Amino acid sequence: WQSNKTTRVATATFGGEIQSVYTAVDVGSVLRTLFSELLFGHARGKVSVVVKNDNLGLVHRVNSITAIPQEKRLNATLLSIRDSITVALTKKKII
């Protein structure tokens, strides 16, 4: 766990939460690839990443089809988080 400043200005708490989860997903995917290459010799190893968050509203908005944040510039970040989750679930053949 760590606390630091975000690279973008968040005008609301929800915006900060989205940015933090996006950073965690991004760093997690890089670390997954790194550990997979170290352990298995290729980037497709079975190393899972779990991102934990204490904001239930964010979890609902990420899982919702129609949820749009009030800050329009966060739409791309929210869609990127959704896409990362969808890709991960598709690889595990859950969807």
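Residues numbered from 1 in each chain as written. Predicted model: local features only at pLDDT ≥ 70, side-chain atom pairs only at ≥ 80, totals over all residues. Heavy atoms only, no water.

## Considerations on the overall build of the protein
A count of helical and extended segments in the protein gives three helices and zero strands. Put simply, the protein runs from its N terminus to its C terminus through helices and strands in the order α-α-α. Within the protein, the fraction of its 95 residues that count as buried is 23%. Nonlocal contacts in the protein, meaning residues at least 24 apart in sequence, comprise 52% of its contacts between residues at least 6 apart. Carbon and sulfur atoms make up 59% of the accessible area of the protein, which totals about 7,400 Å². (Helix = DSSP H or I, 4+ residues; strand = E, 2+ residues; numbered from the N terminus. Buried < 20%, exposed > 50% of the residue type's maximum accessible area, 1.4 Å probe, protein only. Contact = heavy atoms within 4.5 Å. Areas by Shrake-Rupley, 256 points an atom, 1.4 Å probe, with all protein chains shown as cover.)

## A short note on the environment of Leu 34
Position of Leu 34 among the secondary structure elements: in helix α1 (residues 13–40). Judged by relative accessible area, which is 43%, Leu 34 ranks as partly exposed. Along the backbone, Leu 34 and Gly 45 are 11 residues apart, and their C-alpha atoms lie at a distance of 9.9 Å.

## As for the nonpolar core
In terms of nonpolar packing, the biggest core is built from nine residues, these being Phe 14, Ile 18, Val 21, Val 25, Leu 58, Val 62, Leu 74, Leu 78 and Ile 81. Elements with a contribution of two residues or more to this core: α1, α2 (56–63) and α3 (75–91). Here this core gets four residues from one element, more than from any other, and that element is α1. Ignoring sequence-local partners within four residues, the contact set of Val 25 consists of Val 51 and Ser 84. (Core = buried A, V, L, I, M, F, W, Y, C linked by side-chain atoms within 4.5 Å.)

## Some details on α1
With 28 residues, α1 should cover 40 Å at 1.5 Å per step; its first-to-last C-alpha distance of 40 Å lies within 8% of that length. Along α1, the positions that sit buried rather than exposed are Phe 14, Gly 15, Gly 16, Ile 18, Gln 19, Val 21, Val 25, Gly 28 and Ser 36. Lining the buried residues of α1 we find α2 and α3. Once α1 ends, the next one or two residues include Gly 41, with phi positive near 85°. (Expected span 1.5 Å × (residues − 1).)

## Digging into a nonpolar patch on the surface
Together, Val 27, Leu 31, Leu 34, Phe 35, Leu 38, Leu 39 and Phe 40 make up a nonpolar patch on the protein surface, roughly 690 Å² of accessible area in all. A relative accessible area of 43% means that Val 27 is categorised as partly exposed. (Patch = residues over 30% accessible without salt bridge, like charges linked within 9 Å, V, L, I, M, F, W, Y side chains within 5 Å. Salt bridge = Lys/Arg side-chain N within 4 Å of Asp/Glu carboxyl O.)

## Some thoughts on the packing of α1 against α2
Look at α1 against α2: their axes get within 10 Å of each other, and the N-to-C directions meet at 65°. Viewed along their axes, α1 and α2 adopt a mutual orientation that is roughly perpendicular. Crossing geometry of α1 relative to α2 is assigned as right-handed. From α1, Phe 14, Glu 17, Ile 18 and Val 21 reach across to α2, where they touch Gly 57, Leu 58 and Arg 61. Residue classes in the contact of α1 with α2 are distributed as four nonpolar, one polar and two charged. (Axes fitted to C-alpha atoms, helices over the stretch in contact; angles between N-to-C directions. Parallel < 35°, antiparallel > 145°, perpendicular 65-115°, else oblique. Left-handed = near helix turned anticlockwise from the far one by under 90°. Nonpolar A, V, L, I, M, F, W, Y, C, P; charged D, E, K, R; others polar.)

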